[in-house]
Amino acid sequence: MHSELDSYDRKILALLQEDASLSSAQIAEQVGLSQSPCWRRIQRMKEEGIIRGQVTLLDRKKIGLNTQIFAEIKLNAHGRSNFTEFTEAIRGFPEVLECYVLMGAVDFLLRIVAADIEAYERFFFEKLSLVPGIQEVNSIVALSEIKSTTSLPVLR
C-alpha cells in the first residue's frame with residue numbers, strides 16, 4: 001500500500017523529474033528539509049515503487065533517430081486471442097518506445113523511432129508486419145514535436 005504524498009514528497013518528485021542527479025542534500029535544501037528526512041522520503045518512495053528508476057534522457061535526433069512514427073495496430077480475431085504473443089513481440093523491438101492498448105477502432109498505438117523513413121520501412125517489413133495476428137497497420141509520421149516531457153504533474 002502506498003502512503004499519501006504530502007507537499008514535501010511532491011516537491012522532491014518534481015525536482016527529481018527535472019534532475020535525477022541531485023544529491024539528497026541538494027534536494028533537502030530546495031524543499032526545506034534536513035538531509036536525513038529527505039533521504040528517507042526518497043528511499044520510501046523508491047520502495048513503494050513511486051520512483052521506478054533513474055535514467056539519462058537522450059536527444060533522439062542528436063543520435064540519429066530523426067523520424068518518429070505513430071502506428072495504429074488492428075488485430076484480426078486470431079490475433080486478439082493471442083494478445084500475449086503480440087505484446088511479447090512488441091516488447092522485443094527496441095524501435096518501439098511505447099505501446100498502448102486502446103478502446104475503439106484500433107487495438108494498439110505504438111510510438112516508434114527510426115533514423116529515417118527508409119529505416120522505418122525496413123522495420124515495418126522485416127519486423128512489425130511479421131508479427132502474427134496483425135490485420136492492419138496505419139502509420140502516421142510526426143512532422144515536428146511541439147511538446148515532449150517525461151515529467152508528471154506532481155505539484156498541486
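It should be noted that the structure appears before, not after, this text.
Just so it is clear, the model here is predicted, and its values are computed rather than measured.

Q: How should the sheet that holds strand β3 (residues 108-114) be read in this particular structure?
A: Strands in a sheet are paired, the pairing made by backbone hydrogen bonds, and the direction either parallel or antiparallel. Pairing within the open sheet is antiparallel, and its four strands lie in the order β2-β3-β1-β4. Of all strands in the sheet, those bounded by a partner on one side alone are β2 (96-101) and β4 (134-142). Strand-to-strand, the axes of this sheet are offset by a mean angle of 20°, without reference to chain direction. Pairing of strand β1 (residues 67-75) with β4 involves eight bridges; the strand directions are antiparallel. Across the sheet, the residue bridging to Q68 is A142, located in β4. Relative to β3, helix α5 (residues 83-91) is tilted by about 20°, and along the sheet it contacts β1, β2, β3 and β4.

Q: Just checking my understanding: could you explain the packing of aromatic side chains for this structure?
A: When we look at a pair of aromatic rings, we describe it by the centre distance and by the angle of the planes. A complete count under the given rule lists six aromatic pairs for this structure. Residues F93 and F123 carry aromatic rings whose centres are separated by 5.5 Å and whose planes lie at 90° to one another, so their mutual orientation is edge-to-face. Here F123 lies in helix α6 (residues 117-126) and F93 lies in the loop between α5 and β2, a separation of 30 residues in the sequence. Residue classification places F93 among the buried positions, given a relative accessible area of 13%. Classification of F123 by relative accessible area gives buried; the value is 5%. One aromatic cluster is present, formed by F93, Y120, F123, F124 and F125 through successive ring pairs.

The rules behind these values
- Residues numbered from 1 in each chain as written.
- Predicted model: local features only at pLDDT ≥ 70, side-chain atom pairs only at ≥ 80, totals over all residues.
- Heavy atoms only, no water.
- Pairing = 2+ DSSP bridges.
- Helix = DSSP H or I, 4+ residues; strand = E, 2+ residues; numbered from the N terminus.
- Axes fitted to C-alpha atoms, helices over the stretch in contact; angles between N-to-C directions.
- Contact = heavy atoms within 4.5 Å.
- Phe/Tyr/Trp six-rings, centres within 6.5 Å; stacked < 30°, edge-to-face > 60°.
- Buried < 20%, exposed > 50% of the residue type's maximum accessible area, 1.4 Å probe, protein only.

These figures come from the coordinates and say nothing about function on their own.
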